[in-house]
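Coordinate analysis (summary)
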Amino acid sequence: MQLIFKIAWRNIFRHKGRSIIIGIILFLGALLMTVGSSVISGMDRGLEKNIVNGFLGDIVIIPEKEKSDNILFKLYGESVDTITNYKDIKKQLIKEDDLKDFLPVGKNVTTVLNEEDGDPGFTMVLGVDFKEYCNFFPDNFQLVEGDIKNGEGKQAVIKQKMVENQETGIVIPLKTREDLYDQMNVWLIPEKSRLVEENLSEDAKDNRSELKIKNTAVFMGMSSTNSTSDIRLTVKGIIKYSALNTIWGHFAIMDIESYRKCLGYFGASEKLDIIDEEKKKLLGLETDSIENLFGSTDVLVSDSGNVEVADIDFSKKEVSVVPTSRNGSSTNVDLEAGVYNLVFVKLKDNINLEDGVKRLNSTLSSSKLGVRAVTWKKASGFIGSMATIIKGALFLFVAFLFFVAIIIIVNTLTMAAIERTTEIGMMRAIGARKAMVTGMFIGETSILSGLFGGIGLVVGIAIAQLIPLFNITSENDIVQLLFGGDTFHPFLSMGDILVVIFELIVVTLITVIYPIIVAINITPLDAISRD
Amino acid sequence: MNIIEIKELTKNYPLGSTIVHALRGIDFNIASGDFLSIVGPSGSGKTTLLNIIGCIDNASSGSVNIGGVEITKLNDKEITDIRLHKIGFIFQTFNLIPVLDVLENVEFPLLLMKNRSKSEVKKRAESLIDAVGLSEHIKHRPSELSGGQRQRVAIARALVTNPDIVLADEPTANLDSATGEQILELMKEMNRKEKTTFIFSTHDSNVIKYAGYVLKIKDGKMVN
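Residues numbered from 1 in each chain as written. Chains lettered and ligands numbered in written order. Predicted model: local features only at pLDDT ≥ 70, side-chain atom pairs only at ≥ 80, totals over all residues. Heavy atoms only, no water.

Looking at the overall build of chain A
- Across its full length, chain A holds 19 helices and 14 strands.
- Counting over 531 residues, chain A shows a buried share of 53%.
- In chain A, of all internal contacts separated by at least 6 residues, the share reaching a separation of at least 24 is 76%. (Helix = DSSP H or I, 4+ residues; strand = E, 2+ residues; numbered from the N terminus. Buried < 20%, exposed > 50% of the residue type's maximum accessible area, 1.4 Å probe, protein only. Contact = heavy atoms within 4.5 Å.)

This is how it looks when you write it as structure tokens:
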């Protein structure tokens, strides 16, 4: 073995030009693979961190009727189905050992009516209980305009305004405000605040003299399954998400009761009562008379007339909805009694995502709660798949690169084998077996791979470590996706490094096969004939 | 005692559309310790005969027995072992391993045998290098040696495993006459010292005088 490596090592130096060509190819391959892996892993990790900790949680519970798991970026106008039994779901989720926390939310698209006779605007909204939301995502956005004196721009301000003061309203991300301005020519600012000139978009600055500034807007839900209504909401703050702002910035956040009114869902102020036959008779709601009126045994009454029936199971008992609050105020009401669209779930740190979602789905399925759990990757559609897609693209690119590299290396080594016919033939003549010739070629290629590929790997690791020091940031949506956040932060795991090493080994073995075949078929007679 | 016994040896090979009859029924025996020269003009078949004896080429028919082993029926691995253990080679163009120095080149066959310790290998190689007069060049690479010096290294390497036979195909062909004579003197001396059978081919009549026995060959046949 020592002899083989001695000959291999010296042959590398003897054929410097060839060795350098092969070495450079291996160096570039390893470097590209290492840096590429670090970018992908950084993106994957960044996306996971920013999506899980900043927007969705690990798992999203969605209505079972939803055809697609991708509920985050559905086509405009396509509404997410409803969850009307959150309290039952909550009871089940509390029992689950895997879960750290969960948060019910509404998620849909709203039209923003233009009161200036212009075009309407559109925005995606989340309907949340702000107190719960701020507990679930304690630091996922900052207040950039609004009452920022006390809270220094932290979520605490919003929490104080909307939880402790029990206010209704909406917080709007910078991105959404710019989009709404582009659509409606209206610049929204928070209540009790002044226009912040430096926050104006370029278009708004150009149009400064004719800028229409408002601190309220009328939102109207968009739903494909039920009627919606419009609601005027005060802008409580302009926010910036802590990460992926240009993507999450499409989502405004409003209080859940306003959201429900906007989307035409049952609010918490509308209590769902099951009325037995005796009460029904007393109320004059006998089945026959109802059937005569509606052609159905189901009795639904709401103060607002905004009724969502899609997910209520009326098969066993006849039910009626009786409003408990005529003014629709959310004061002192059980918010969880109303309609939601999704439940965000965070897993405990030691729980594997796929295992967790599998176990949760098993529970949800056996409990017949009409919902299913999907991973954040599936729920966030193309965003969650970005890492996988880009990883696949990188793999194909690297595979192509390695394929070309393999051809070049195979060709070079084969030429080397033929050039060394005399030497190899002579070795065979004096007693070297084919195994030794094989070992010599593997040794040479392994040394080149180990040396140049190793340098490529080390340089790649160094680059991956150095890039974050430059604090490269981007405001561009696509670039942010590639970065996995606002900042470019490549990351290399031990697994990534092992994959690069494995690929180098595979390349080494593949490249050496054909030259070995050529070399071991060289006979002493070939050497003599060549002489 | 015969170290080599050859009977009815023929070698034919195709050359384009024709068949070349390189050897046409060779019969002879070589005794252990002989210093034999195979002579004949170019194309007479002497190199082919030497290659078959050296297990480098296959016979078309006939029998070749080396040290009691019929080599015409052996597989590649067995043939390789015969070459390693029983035969030493000295090639026309001093085929040394260019990346190894003199000592390493001579050690090479011993290291392939894997039956001696490193120190034994080194000691044996050094003694042969000394015997061929290259002790001062022990760390030199082949490219740093003259033609004659390289051929001395080849002789040392051929003898290092203590083979039954050393085959030398025109060992002086690429050397000037003075150096060629020195090499033949050395081979003769080694033949005496090591009791190794030497067979060398040549078409140089000046070289023939060194041979103990001469086997003349012409058109693939032995000539009396």
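A word on a nonpolar patch on the surface
Residues and elements named next belong to chain A.
- A contiguous nonpolar patch, built from Ile21, Phe400, Phe403, Val404, Ile407 and Ile408 and spanning about 560 Å² of accessible area, is present on the exposed surface.
- Take the nonpolar patch: its biggest share by element is 5 residues, from helix H14 (residues 382-419).
- Along the polypeptide, Phe400 turns up in helix H14. (Patch = residues over 30% accessible without salt bridge, like charges linked within 9 Å, V, L, I, M, F, W, Y side chains within 5 Å. Areas by Shrake-Rupley, 256 points an atom, 1.4 Å probe, with all protein chains shown as cover. Salt bridge = Lys/Arg side-chain N within 4 Å of Asp/Glu carboxyl O.)

Describing helix H2 (residues 76-86) of chain B
- Within H2(B), the full set of buried residues consists of B:Ile79, B:Thr80, B:Ile82, B:Arg83, B:Leu84 and B:Lys86.
- Of the residues that open H2(B), the one with a side-chain oxygen 3.1 Å from the backbone nitrogen of B:Lys77 is B:Asn75. (Polar contact = N/O pair within 3.5 Å; in protein donor to acceptor, adjacent residues only side chain to side chain.)

A look at the pairing of strand E10 (residues 251-255) of chain A
Residue and element names in this part refer to chain A.
- For E10, the tally of buried residues reaches 5 of 5 residues, placing the bulk of the element in the interior.
- Taken together, the 5 bridges between strand E3 (residues 121-128) and E10 define a ladder with parallel strand orientation. In the strand pairing of E10, Val125 is matched with Ala252.
- Bridging between strand E5 (residues 170-173) and E10 involves 2 bridges; their strand directions are antiparallel. Counterpart to Val171 in the pairing with E10 is Ile253. (Pairing = 2+ DSSP bridges.)

Concerning the packing of helix H1 (residues 2-14) of chain A against helix H3 (residues 102-113) of chain B
- Between H1(A) and H3(B), the least distance of the axes is 12 Å, while the angle of their chain directions is 140°. One element, H1(A), and the other, H3(B), form an angle in the oblique class. You can see that H1(A) and H3(B) cross each other, and the crossing is left-handed. Between H1(A), through A:Leu3, A:Lys6, A:Ile7 and A:Arg10, and H3(B), the contact on the second element is made entirely by B:Glu104, B:Phe108 and B:Leu111.
- Across the contact of H1(A) with H3(B), the residue classes tally to 4 nonpolar, no polar and 3 charged. (Axes fitted to C-alpha atoms, helices over the stretch in contact; angles between N-to-C directions. Parallel < 35°, antiparallel > 145°, perpendicular 65-115°, else oblique. Left-handed = near helix turned anticlockwise from the far one by under 90°. Nonpolar A, V, L, I, M, F, W, Y, C, P; charged D, E, K, R; others polar.)

Observations regarding the packing of aromatic side chains
- Counted under the stated rule, the structure contains 15 aromatic pairs over all chains.
- Ring geometry for B:Phe35 against B:Phe198: centres 5.6 Å apart, planes inclined by 40°, an arrangement best described as tilted. With a gap of 163 residues between them, B:Phe35 in strand E3 (residues 35-39) and B:Phe198 in strand E8 (residues 197-202) connect regions that are remote in the sequence.
- One Lys or Arg, A:Arg45, reaches over the ring of A:Phe491 and ends 3.6 Å from the middle of that ring. (Phe/Tyr/Trp six-rings, centres within 6.5 Å; stacked < 30°, edge-to-face > 60°. Lys NZ or Arg CZ within 6 Å of the ring centre and 35° of its normal.)

Looking at the nonpolar core
- Formed by 109 residues in total, the largest nonpolar core has its most connected members in A:Ile61, A:Phe219 and A:Trp248.
- With residues up to four places along the chain from it excluded, the contact list for A:Trp248 reads A:Asn50, A:Ile51, A:Phe55, A:Leu72, A:Phe73, A:Pro173, A:Tyr241, A:Ala243 and A:Ile383.
- Counting residues in each nonpolar core, the second largest holds 91 residues, with A:Val437, B:Leu167, B:Leu184 and B:Phe200 among its members. (Core = buried A, V, L, I, M, F, W, Y, C linked by side-chain atoms within 4.5 Å.)

Here's the deal with the packing of H1(A) against helix H16 (residues 434-466) of chain A
Residue and element names in this part refer to chain A.
- With their axes 8 Å apart at the nearest point, H1 and H16 run at an angle of 55° to one another. Relative to H16, the element H1 lies oblique. Seen along the crossing, H1 lies across H16 with a hand that is right-handed. Residues Leu3, Ile4, Phe5, Ile7, Ala8, Trp9, Asn11 and Ile12 of H1 form the contact with H16, whose own contacting residues are Met436, Gly439, Met440, Gly443, Glu444, Ile447 and Leu448.
- Split by residue class, the contact of H1 with H16 holds 11 nonpolar, 3 polar and 1 charged.

Notes on the pattern of salt bridges
All names here are of chain A.
- Per the stated rule, a full pass over the model turns up 25 salt bridges over all chains.
- Glu444 is the partner of Arg18 in a salt bridge, and the nearest nitrogen-oxygen pair spans 3.6 Å. Here Arg18 is found in helix H2 (residues 16-54), whereas its partner Glu444 is found in helix H16, with 426 residues between them in sequence. Considered together, Arg18 and Glu444 belong to a single accessibility category, that of buried residues.
- A salt bridge links Glu444 to Arg420; the nearest nitrogen and oxygen atoms lie 2.9 Å apart. Taken together, the positions of Glu444 in helix H16 and Arg420 in the loop between H14 and helix H15 (421-429) put the pair 24 residues apart, joining distant regions of the chain.
- Looking at Glu444, the relative accessible area reads 1%, which means it is buried.
- One continuous salt-bridge network, built from bridges that share partners, spans Arg14, Arg18, Arg420, Glu423 and Glu444.

Section: the interface of chain B and chain A
- Taken together, the contacts link 27 residues of chain B with 23 residues of chain A.
- Together chain B and chain A conceal approximately 2300 Å² of surface at their shared face, both sides included; 64% is due to carbon and sulfur atoms.
- At the junction of chain B and chain A, the tally comes to 4 salt bridges.
- B:Glu104 is the salt-bridge partner of A:Arg10, the closest N and O atoms lying 2.4 Å from each other.
- Counting every contact that joins chain B to chain A gives 7 residue pairs in polar contact (both at pLDDT 80 or more).
- Element by element, the count of residues in the side of chain B that touches chain A is highest for H2(B), at 6 residues.
- Residues belonging to the side of chain B that touches chain A are distributed by class as follows: 13 nonpolar, 4 polar and 10 charged. (Buried area = accessible area lost by both parts, 1.4 Å probe.)

A few points about the sheet that holds strand E10 (residues 221-223) of chain B
Residue and element names in this part refer to chain B.
- Taking strand neighbours across the sheet as the criterion, the 6 strands line up as E6-E7-E8-E3-E9-E10 in an open arrangement whose pairing is mixed. Each of the sheet's edge strands pairs with one partner strand only, and the pair in question is strand E6 (87-90) and E10. Averaged over all pairs of adjacent strands, the angle between strand axes in this sheet comes to 25°, irrespective of strand direction.
- As paired elements, strand E9 (residues 213-218) and E10 share 3 bridges and run antiparallel to each other. Bridging from a neighbouring strand, Lys218 pairs with Lys221 of E10.
- Along the sheet, helix H5 (residues 147-159) makes contact with E6, strand E7 (165-169) and E8, crossing E6 at roughly 175°.

Looking at helix H12 (residues 353-367) of chain A
Residue and element names in this part refer to chain A.
- The first and last C-alpha atoms of H12 sit 21 Å apart over 15 residues, in line with the 21 Å expected at 1.5 Å per residue.
- Looking at the buried residues of H12, the elements they touch are strand E1 (59-63), helix H3 (86-95), strand E2 (99-113), strand E13 (342-347), strand E14 (371-375) and helix H13 (376-379).
- Between a side-chain oxygen at the N-terminus of H12 and the backbone nitrogen of Glu354 the separation is 3.0 Å; the capping residue is Asn352. (Expected span 1.5 Å × (residues − 1).)

These results come straight from atomic positions and should not be treated as a statement about function.
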